[in-house]
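Each chain, letter by letter, is given below.
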Amino acid sequence: MRTRRGGRWLGLMAGLLGVAGAVGGLQRWSDALPGPAGDVYRSSAARDLAVYSYVYTDVGDPVEFLDRENGRYGSVARATIARADTVRADTVRAAAAPADSARAP
Amino acid sequence: MGEELRKLWRTEDYWSIWFAVLIFLAVAVGAVAGAPRLQRWATDPLLSLSGRTEGLIVLGLALAAVSTVGVAAMKERWKTYLAGFWVVYLLAILSFLVAAQVSVRAWGLGYAIWALIFGLLISNTVGTPQWLLDGARSEMFIKTGLVLLGGEVLFSEILGLGLPGLLVAWVVTPTVIVFMWLYATRVLRLPSKTLAIIIAAATSVCGVSAAIAVAAACRARKSELTLAVGMTMIFTVLMMIVMPVIARLADMSPAVAGGWLGGTIDSTGAVVAAGALLGELAEKVAAVVKMIQNVLIGVVAFVVALFWVTQVDRQPDAPRPGLMEIWYRFPKFILGFVAASVVFSFVLMPALGEVEVAAILETSSSLRGWLFCLAFVAIGLESNFRELAGQLVGGKPIILYAVGQTFNIILTLLMAWIAFGGLLFPPVT
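So, how was this worked out
Residues numbered from 1 in each chain as written. Chains lettered and ligands numbered in written order. Predicted model: local features only at pLDDT ≥ 70, side-chain atom pairs only at ≥ 80, totals over all residues. Heavy atoms only, no water. Helix = DSSP H or I, 4+ residues; strand = E, 2+ residues; numbered from the N terminus. Buried < 20%, exposed > 50% of the residue type's maximum accessible area, 1.4 Å probe, protein only. Contact = heavy atoms within 4.5 Å. Areas by Shrake-Rupley, 256 points an atom, 1.4 Å probe, with all protein chains shown as cover. Rg over C-alpha atoms; globule rule 2.2 N^0.38 Å. Lys, Arg positive; Asp, Glu negative; His and termini not counted. Charge placed at Lys NZ, Arg CZ, Asp CG, Glu CD. Salt bridge = Lys/Arg side-chain N within 4 Å of Asp/Glu carboxyl O. Buried area = accessible area lost by both parts, 1.4 Å probe. Polar contact = N/O pair within 3.5 Å; in protein donor to acceptor, adjacent residues only side chain to side chain. Nonpolar A, V, L, I, M, F, W, Y, C, P; charged D, E, K, R; others polar. Phe/Tyr/Trp six-rings, centres within 6.5 Å; stacked < 30°, edge-to-face > 60°. Core = buried A, V, L, I, M, F, W, Y, C linked by side-chain atoms within 4.5 Å. Axes fitted to C-alpha atoms, helices over the stretch in contact; angles between N-to-C directions. Parallel < 35°, antiparallel > 145°, perpendicular 65-115°, else oblique. Left-handed = near helix turned anticlockwise from the far one by under 90°. 1 Å grid on protein atoms, 1.4 Å probe; cavity = no way out; pocket = protein on both sides within 12 Å on 5 of 7 lines; lining within 4 Å. Points joined across faces, edges and corners; volume = space filled by probe spheres on them.

A. Seen up close, the overall build of chain A. Looking only at helices and strands, chain A features four helices and zero strands. Of the regular secondary structure in chain A, the N- to C-terminal order runs α-α-α-α. Counting every position in chain A, which comprises 105 residues, the buried fraction comes to 30%. The contacts in chain A between residues at least 6 apart in sequence include a share of 35% that link residues at least 24 apart. Carbon and sulfur atoms make up 64% of the accessible area of chain A, which totals about 6,500 Å².

Right, dumping it as structure tokens:
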């Protein structure tokens, strides 16, 4: 009975290791993939990271990004980018505020 | 009448609407400013959680608190639900974490497949204990997520997307659904009608979201949804690699190729990735066609729910059900879905403006993703491989998918050529 239960836990561990191995394998294998499948992978990864970096980090100019994307994304994405821009502007304003007050007489 | 009123706070269908209304209100008044999104990572998964831990804890607490109130109001075991919920939630975080890996994302293997895998791993190895099953309320998570999804289906957005895209998406989608339904029921004689309609919706509309909506509308079994989602994801990866190659070899114009890819590949991310390989115009047309197709989720779910109540579930010799009978049996969360879509499209959009509405939708869309992820973990925990294998019945679901998708590919190519090739409308440049 105990052996069977131990076997089940081993099965779960093996499954989780399998998932980890599959993700690691996918990463190594995809980077070296030739031909059209490699093209699809690299294009997809590059686009995903580009959008991600514009939306969720401080890289790039959102207005320029939106112009370039030319309506390719729905209103949700557009507003996300617009909001990221507002947050960025607020951060810049907040950073500039102490300097301004220090300059005031 | 009293019984119907009592259902307002005793059934999951209504609670899914109340949960969604609460979420929309909380987001609109600023009580909820956002939902955590895990960061991309390549080799170190812990990077994904960096700076997100607090948000994840708050989200878990909020979801647990709100849903437990509903479960208690439905007179179900809320204490064991609460215990089980946290395990389901941790598995959902794990699923999002794997899905945030750059290669996994690039191949379009989203959180749904990982959530199913983790759930299935547990249920088929150590087994799912009863207390965990109590927390795995897949129906409740799915229905709430679907009402939230309704808000994202903006009819007003379609107007700006152009007639050629409308023609491709809206002619092909219903035709393919009807074709696949007839093929499944009359030719293949697939034993499960619910499985047939889920595969048809996933193939013709937009993959996972459509499969979830239609499965809930026709009250399909969990294993049927699991099978349809698994098949869709595998074929999506294949199609996003092969179809751009064919378009290039056939020397298709970018606009026609974009319309073709957008109308056939099932997930929006995969559509954009495949379109990008053929240039900027192809990518834009592909994304637009996909957006128009996504709007059809609500319409398809509504029609399927109505068809099931009035036709499929009716005994052959029974009289046609009256309006009240249809009302009693109709899944109410579908009405919540449609109402959310109508309110956002025709009330909130003109009143608040695009930026304000989109800001609300940005957060509700993230929360919807979390709810769907919880649902897929729960489905995995409730399923077993034997049941899944039983659904395959001589490979008929795979044959249905393959035949339906082939028909979809050919018909969409024809419509893309008519709509974007300069035959009916001026060529898109």
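Here the narrative resumes, following the displayed structure.
B. View of the overall build of chain B. From N to C terminus, chain B includes 22 helices and zero strands. Scaling as 2.2 N^0.38, a compact globule of 429 residues should have a C-alpha radius of gyration of about 22 Å, and chain B matches this with 21 Å. Taking the principal axes of its C-alpha atoms as reference, chain B extends roughly 60 × 60 × 50 Å. Out of the 429 residues belonging to chain B, those deemed buried represent 57%. Element-wise, carbon and sulfur atoms account for 69% of the exposed surface of chain B, whose accessible area totals about 17,100 Å². One way to put it: in chain B the 28 positive side-chain charges average out to a point 7 Å from where the 24 negative ones average out.

C. Focus on the pattern of salt bridges. Residue and element names in this part refer to chain B. Overall, the coordinates contain eight salt bridges over all chains when judged by the stated rule. Among the ionic pairs, Arg368 bridges to Glu152, the shortest N-O distance being 2.7 Å. Remark: Glu152 occurs in helix 9 (residues 138-152) and Arg368 occurs in helix 20 (residues 354-382); sequence separation between them is 216 residues. Taken together, the salt bridges that share partners define one network made up of Glu12, Glu76 and Arg137.

D. Representation of unusual backbone geometry in the model. Residue and element names in this part refer to chain B. Its identity is not glycine, yet Arg189 carries a phi of approximately 50°, on the positive side. Classification of Arg189 as exposed rests on a relative accessible area of 59%. Positive phi is not limited to glycine here, since Asp251 has a value of about 55°. Structurally, Asp251 is set in the loop between helix 14 (222-249) and helix 15 (254-264). When its relative accessible area of 66% is taken as the criterion, Asp251 is described as exposed.

E. Main features of the interface of chain B and chain A. Listed as interface residues are 44 residues of chain B and, on the opposing side, 38 residues of chain A. Each partner contributes to the roughly 3,600 Å² buried at the junction of chain B and chain A, and carbon and sulfur atoms together form 66% of this total. Three residues, Trp107, Val126 and Glu362 of chain B, lead the burial of chain B against chain A; their summed loss comes to 16% of the area buried on that side. Connecting chain B to chain A are zero salt bridges. Linking chain B to chain A there are four residue pairs in polar contact (both at pLDDT 80 or more). The set of elements that each furnish at least two residues to the side of chain B that touches chain A consists of helix 6 (102-106), helix 7 (111-124), helix 14, helix 16 (268-276), helix 17 (280-312) and helix 20 of chain B. The element best represented in the side of chain B that touches chain A is helix 20 of chain B, accounting for six residues. Tallied by class, the residues present in the side of chain B that touches chain A amount to 29 nonpolar, four polar and 11 charged.

F. Summary view of the packing of aromatic side chains. Residues and elements named next belong to chain B. Throughout the structure, instances matching the rule amount to 20 aromatic pairs over all chains. A ring pair is formed by Phe85 and Phe141, whose centres lie 6.5 Å apart and whose planes are at 55°; its orientation type is tilted. Residue Phe85 is located in helix 5 (residues 78-99), and its partner Phe141 is located in helix 9; the two are separated by 56 residues in the primary sequence. On the basis of relative accessibility, which here comes to 1%, the residue Phe85 falls in the buried class.

G. Main features of the nonpolar core. Ranked by internal contacts, the top residues of the largest apolar core, which has 164 residues, are Leu146 and Phe376 of chain B. Beyond its immediate chain neighbours, meaning those up to four positions away, Leu146 of chain B contacts Ile212, Ala213, Ala216, Phe333, Phe337 and Phe372 of chain B.

H. Structural detail: the packing of helix 9 of chain B against helix 19 (residues 332-352) of chain B. Residues and elements named next belong to chain B. Where helix 9 contacts helix 19, the two axes come as close as 6 Å, and the packing angle between them is 25°. Compared by their axis directions, helix 9 and helix 19 come out roughly parallel. Our pair here, helix 9 against helix 19, has a crossing hand that is right-handed. Of the residues in helix 19, those touching helix 9 at Lys143, Leu146, Val147, Leu149, Gly150 and Gly151 are Phe333, Gly336, Phe337, Ala340, Ser341 and Phe344.

I. Structural context of the layout of surface pockets. All names here are of chain B. In this structure, the second largest pocket spans a volume of roughly 390 Å³. Val32, Leu59, Ala62, Leu63 and Leu367 are, among the 24 residues lining the second largest pocket, the residues nearest its centre. Looking at the lining of the second largest pocket, the elements with two or more residues in it are helix 2 (12-28), helix 4 (53-73), helix 5, helix 9 and helix 20. Among the residues forming the lining of the second largest pocket, the class breakdown is 20 nonpolar, four polar and no charged.

J. Geometry of the side chain of Ser30 of chain A. Looking at the element boundaries, Ser30 of chain A is found in helix 1 (residues 2-31). A polar atom in the side chain of Ser30 of chain A sits 2.8 Å from the side chain of Trp107 of chain B. Look past the residues within four positions of Ser30 of chain A in its chain and what remains in contact with it is Tyr41 and Arg42 of chain A together with Ser103 and Trp107 of chain B.

K. The arrangement of empty space enclosed by the protein in detail. Residue and element names in this part refer to chain B. Evaluation of the coordinates by the stated rule reveals two cavities of 30 Å³ or more. Here the second largest cavity is characterised by a volume of approximately 110 Å³. Forming the boundary of the second largest cavity are Glu139, Ile142, Lys143, Ile212, Ala215, Ala216, Arg219, Ala220, Arg221, Lys222, Leu225 and Ile379. Counting residues per element, the ones that place at least two in the lining of the second largest cavity are helix 9, helix 13 (208-217) and helix 14. Its residues assigned to classes, the lining of the second largest cavity comprises seven nonpolar, no polar and five charged.

L. Structural detail: the side chain of Thr264 of chain B. Residue and element names in this part refer to chain B. Counting through the fold element by element, Thr264 comes out in helix 15. Residue classification places Thr264 among the buried residues on the basis of a relative accessible area of 0%. One polar contact links the side chain of Thr264 to the main-chain carbonyl oxygen of Trp260, over a distance of 2.6 Å. If we ignore the near neighbours within four places in the chain, the residues touching Thr264 are Thr203, Met239, Met243, Gln405, Asn408, Ile409 and Thr412.

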